[in-house]
Amino acid sequence: MTVNNTIAHQRLILSGDRERFKELLRRRLIECGWRDQVRMLCRDVVKENESNNVTFETLVTKVTPKARAIVPDSVKKELLQKIKTHLLTQKDQ
Amino acid sequence: MNDNGCIHLNNFKAAKGTNPYKIVHAFFVTCTSFEARRYKATSCLCFTCGKPGPRMHSCLHCIFFACYDGHIQDHSKSKKHFLYVDLSYGNVFCAQCQDYIYDRELTEIAMSHRMKEAKSLGISVPFMPWLPNNNEAMALRRLRKRRLISPHTTIGLRGLQNLGSTCFMNCIVQTLIHTPLLRDYFLGEKHKCKAQGSGKCLVCEVSKLFQEFYSGAKTPLTLHRLLHLIWTHARHLAGYEQQDAHEFFIATLDVLHRHCMNGVEDTEKKENGRCNCIIDQIFTGGLQSDVVCTSCSGVSTTIDPFWDISLDVAGPGSLQACLERFTRAEHLGSGAKIKCSKCRAYRESTKQLTLETLPIVASFHLKRFEHSSQIDRKISAFVSFPAELDMTPFMSSHRRAVDMGAADNNNAPEGIFEDNRYSLFAVVNHLGSLDAGHYTAYVRQMKGSWFKCDDHMITRASLREVLDSEGYLLFYHKTVLEYECDVS
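Now for a description of the structure that goes with this document. (Residues numbered from 1 in each chain as written. Chains lettered and ligands numbered in written order. Predicted model: local features only at pLDDT ≥ 70, side-chain atom pairs only at ≥ 80, totals over all residues. Heavy atoms only, no water.)

1. A word on the overall build of chain A
- The number of helices and strands found in chain A is 5 helices and 0 strands.
- Relative to a compact globule of 93 residues, whose C-alpha radius of gyration would be 12 Å, chain A shows 17 Å and is clearly more extended.
- Principal-axis analysis of the C-alpha atoms places the extent of chain A at approximately 55 × 30 × 20 Å.
- At a minimum sequence separation of 6, the contacts of chain A that also span at least 24 residues come to 67%.
- Summed over its atoms, the accessible surface of chain A is roughly 6500 Å², and 57% of this surface lies on carbon and sulfur atoms. (Helix = DSSP H or I, 4+ residues; strand = E, 2+ residues; numbered from the N terminus. Rg over C-alpha atoms; globule rule 2.2 N^0.38 Å. Contact = heavy atoms within 4.5 Å. Areas by Shrake-Rupley, 256 points an atom, 1.4 Å probe, with all protein chains shown as cover.)

Structure (structure tokens):
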């Protein structure tokens, strides 16, 4: 992360917009069914490893690549565009 | 998942209590104030490598932030500080158990902080599913009867007898019964009435009606008590002739709104000068009217509450086009001069209506009946309406942004976090002519499952059939609900 990126990151936290974007993303991922799909992926991992205790780390390593891949393009596009627009308008002020 | 934590966390809590977690969580996980956001923005950097991630954690034993790329683990090992908090989600990691652990007490703290954060940011509180308390859990165990809701379930559907030209009432009752939030309110038995049992309260009558609709019985209902109550409280509708369904709808909301007020204490009645009854919570929006003086460009703005929007149908072919025309700036001309408060004189002006706040249920009335001194007529023109409607373009805030040239359609800067999408859930149709007509209604029982209600007859319908019909009253429900929190 460059200095500029860090400053942008800090400004997003300070204004609360980072949380607002997070909430928007959370909402979109629930609406499109992504969260339910990821829940099923997690269930599968737990079922496969029924004999041993599944930790958070195993879940993250096994599920993350698949979960990232199934995020719909429309959601990525919307968030990207909105964050971009937002940062550009903030800069002007 | 067990939420009793682990022995290590329990020992920690016994020695130091929950305060260390509370402070870390309120300042660095979900910031409950502006001050907290300032701390989070400036100090959440890894003490070892100076980077803001990935996966920042905070030690629970001392003041130490570090990333999950090995640095928090190094600290934990060298200092024997085994508990650390993930700063993105607020979960506690126990290095001795080698996993995140869940503790009910800490989860409750996290939840209350999330509510405070939402309040501090002015955003919707996250949806929280209903958790039965001990009494409710006992009651559920006692009542063994369960009903499985499948796509073929017809519970909640019942025909209504025609009592002699009362189809105008039947179609409005069907619409109200199938209004999702109103259903939740009444089936949750939220109406507490002072006048209980007097038989005079329309809200109590509607409450009983919901029980009848969801009792599982299939015979058509007779609404004589409801009709009588409305006749008593809205005298202009009394009589045996056919009435206008729109007029009946507004009169019913009005009586319900007045009767809601009977049941509550005076102190609860109004919040910020606005009525807080269930009818107003669901149906009331704010209509903004901007009158701009053509000589001094001074704007005078008023905001009025509305329960529905009446739209002219002559001309436009779609609901969106009607709304577009409704919210367009209109020149009032020389014949209708208005006194400008700035110029202190009567001036020509333009007037523009926009939606300042949207109700949860948006009701549209297509003005198909034209009454003038010369002629009374019905306009049967087809007006298309969508199953999903975005109201953003008709909002006051959006119009303002468009006027300033800052917006390209849906991306007005202040509109980024707004969600103004609506879904169609009921349509009232008028068939026939002005003198000899009949009302029917289409209602959505579950998502994607539509029924036609023609007095005592209920038949399955397709969405296509609904959208192709000659709509008279259109009812849309907000797709995503925003929750308010009541923490102070």
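2. Details of the sheet that holds strand β11 (residues 330-331) of chain B
Residues and elements named next belong to chain B.
- Across the sheet, which stays open at both edges, the 4 strands sit in the order β9-β8-β14-β11 with antiparallel pairing between neighbours. Sheet topology places β9 (299-306) and β11 at the edges, where each strand pairs with a single neighbour.
- In this structure, strand β8 (residues 285-293) lies alongside β9, joined through 8 bridges in antiparallel fashion. Residue pairing for β9: Val292 is matched across the bridge by Val299.
- Packing against the sheet, helix α15 (residues 396-403) makes contact with β8 and β14 (349-357), and its axis sits at approximately 130° to β14. (Pairing = 2+ DSSP bridges. Axes fitted to C-alpha atoms, helices over the stretch in contact; angles between N-to-C directions.)

3. Structural notes on the environment of Gly432 of chain B
- You can see Gly432 of chain B is positioned in strand β19 (residues 421-432).
- Excluding its chain neighbours within four sequence positions, the residues that come into contact with Gly432 of chain B are Lys378 and Gly437 of chain B.

4. Digging into the nonpolar core
- Formed by 62 residues in total, the largest nonpolar core has its most connected members in Ile172, Leu226, Ala245, Ile279, Phe283, Val428 and Tyr439 of chain B.
- Filtering out sequence-adjacent residues up to four positions away, Val428 of chain B remains in contact with Cys171, Ile172, Thr175, Ala245, Tyr439, Thr440, Ala441, Gly471, Tyr472, Leu473 and Phe475 of chain B. (Core = buried A, V, L, I, M, F, W, Y, C linked by side-chain atoms within 4.5 Å. Buried < 20%, exposed > 50% of the residue type's maximum accessible area, 1.4 Å probe, protein only.)

5. Considering the pairing of strand β23 (residues 471-478) of chain B
Residues and elements named next belong to chain B.
- Counted residue by residue, β23 has 8 buried out of 8 residues, so it is predominantly covered.
- Of the pairings in the sheet, the one linking strand β15 (residues 361-367) to β23 comprises 5 bridges and is antiparallel in character. By the bridge assignment for β23, Val361 is matched with His477.
- Examined bridge by bridge, β19 and β23 share 7 bridges and lie antiparallel to one another. If you follow Leu424 over to β23, its bridge partner there is Tyr476.

Interpretation in functional terms is not warranted from these geometric data alone.
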